[in-house]
Amino acid sequence: MYKKKPMRLLLIILFVGVNLTSFSQKSYAKSILDTLCSERYSGRGYVDNGVGKAADFLASELKTIGVSTFKDQPYLQEYNFGVNTFPHPLKVIFDDSLLVPGQDYLLNASSGTAQGDFTPIIVNTDNYLLVETQPKDKKSIVIFNFSDLSNKDSISYFYRLAIQATNYAPVVWVQKNKMMYSVGRQEFKYPLVVIDKKAYHDPKSIHLKVNNKYVPKYINQNVIGYIPQKKKGFLKPEKYVVFSAHYDHLGKMGQAIFPGANDNASGVAMLLSIAKHYIKNPSKYGIVLCFFSGEEAGLEGSKYFVSNPYFKLKKVKFVLNIDIMGGASESITLVNGTKHTKHYDKIVEINGTQNYLNKIIKRGPTSNSDHYFFSKTGVPAFFIYSGGTVKNYHDIYDTAENTPLNKFDEVQRLLMDFVEEL
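Anyway, here's the lowdown on the structure attached to this text. Just so it is clear, the model here is predicted, and its values are computed rather than measured.

1. A word on the nonpolar core
Here is step 1 of the chain: Of all hydrophobic cores here, the largest spans 112 residues; its most connected members are Phe144, Phe243, Met253, Leu289 and Phe291.
Here is step 2 of the chain: Among the elements that make up this core, the one with the highest residue count is helix H4 (residues 261-280) (10 residues).
Here is step 3 of the chain: Leave out the neighbours within four places in its chain, and Phe243 touches Leu271, Ile274, Tyr278, Ile287, Val288, Leu289, Cys290, Leu320, Ile322, Leu415 and Val419.
Here is step 4 of the chain: With 20 residues, the next largest nonpolar core counts Val242, Val288, Phe311 and Phe374 among its residues.

Written out as structure tokens, the structure is:
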């Protein structure tokens, strides 16, 4: 009995060690999530230089982990684009009711400036053509309330008309479905206020305080890290596996903050966690970590990188783009799964053996994340996103507290297993 105790003790230590390692991965990811979603980073957008502060944090974290710059290139790859911002507090008052930004209303992200008290002109299906005639009263505000319409084409038509109306007056659009914020790349003359139908009533007067600031050349940075291939058994010439995730989000709209936990601090946390693994366990491939900005502004960061790469793209074995990884309790989806069927089948096979995830969904090509420009140039790529209970998206509720990181470790292990099978 006595002789068996050391073995039993060793097994207990190994078991506890495995659990602690697993816990520490998710614990580390949660700390990254909490950090990037904190007020310091202002939603990682274009107010208070939130996106720039996040870039500096990521470069510092890569250095701390031990991730190198890519040969003679810097961590930070600079580029710029034009963006519309709302750096000042907002105020929208219907009669005596002060509305809450982010909760009761959002601005169209391209909104212009308007201040003062305005008299409503309510547009309906009988009088909508009046928006083609400029009101004589410069203190008018046009209200589009077509929230009871069910025809999507009609709703789209009237929304385009509402945008057109911002050329001569502030506009209110009453929204029945979920409101989602975005990044503005142009500047209207007047604001377009999108109000939740539940918060709307026909007002006698509306008070606005909306001030935008358009920045024609906002300096952005992609953050690029590199982990060399293992020395023994290396390939000649060196091939690369690229892990990518966008770290930017929507930032601030006045006093409202869009933390962007699921989209996409979760993907950033996974890349950093994967980096820690490959520092200790180098791959037969060179591992490139691309943290892109400008994704929410139209994939600007990945577009710039693919046009100005740190290496020849023909040397890339595969791109794994991770976007929205806050909760994979039900599934993950592989965009380009129908295009790269052998690689999709390999991931399904690994998952079947290891029983990591409940379901892996195959999807065709899309142009809505940072895999797109790699794919467009012929580089094989998957865009991977999670499916589960986390539904917050482009709103103020996408917080670290609402993002449980379900199956985080399992997804991570699946992707690393896949890399070893390439």
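2. With respect to the sheet that holds strand E6 (residues 140-144)
Here is step 1 of the chain: One open sheet holds the 8 strands; their spatial order is E3-E2-E9-E5-E6-E7-E8-E4, and the pairing between them is mixed. The open sheet is flanked by strand E3 (97-98) and strand E4 (105-107), the only strands paired with a single partner.
Here is step 2 of the chain: Across the sheet, helix H3 (residues 152-165) is in contact with E6, strand E7 (171-175) and strand E8 (192-196); its angle to E7 comes to roughly 160°.

3. Focus: the packing of aromatic side chains
Here is step 1 of the chain: Scanning the model with the defined rule gives 30 aromatic pairs in all.
Here is step 2 of the chain: Between Phe70 and Tyr240 the ring centres are 5.5 Å apart and the planes differ by 70°, which places this aromatic pair in the edge-to-face class. In this pair, Phe70 sits in the loop between helix H2 (50-65) and strand E1 (76-85) while Tyr240 sits in strand E11 (residues 240-246), placing the two residues 170 residues apart along the sequence. Like Phe70, the residue Tyr240 is buried in the burial classification.
Here is step 3 of the chain: An angle of 80° between the planes, with centres 5.9 Å apart, marks the rings of Phe94 and Tyr200 as edge-to-face. On the criterion of sequence distance, the pair formed by Phe94 in strand E2 (residues 91-94) and Tyr200 in the loop between E8 and strand E9 (206-210) is long-range, its members being 106 residues apart.

Rules and cut-offs
- Residues numbered from 1 in each chain as written.
- Predicted model: local features only at pLDDT ≥ 70, side-chain atom pairs only at ≥ 80, totals over all residues.
- Heavy atoms only, no water.
- Core = buried A, V, L, I, M, F, W, Y, C linked by side-chain atoms within 4.5 Å.
- Buried < 20%, exposed > 50% of the residue type's maximum accessible area, 1.4 Å probe, protein only.
- Helix = DSSP H or I, 4+ residues; strand = E, 2+ residues; numbered from the N terminus.
- Contact = heavy atoms within 4.5 Å.
- Pairing = 2+ DSSP bridges.
- Axes fitted to C-alpha atoms, helices over the stretch in contact; angles between N-to-C directions.
- Phe/Tyr/Trp six-rings, centres within 6.5 Å; stacked < 30°, edge-to-face > 60°.

These figures capture arrangement, not role.
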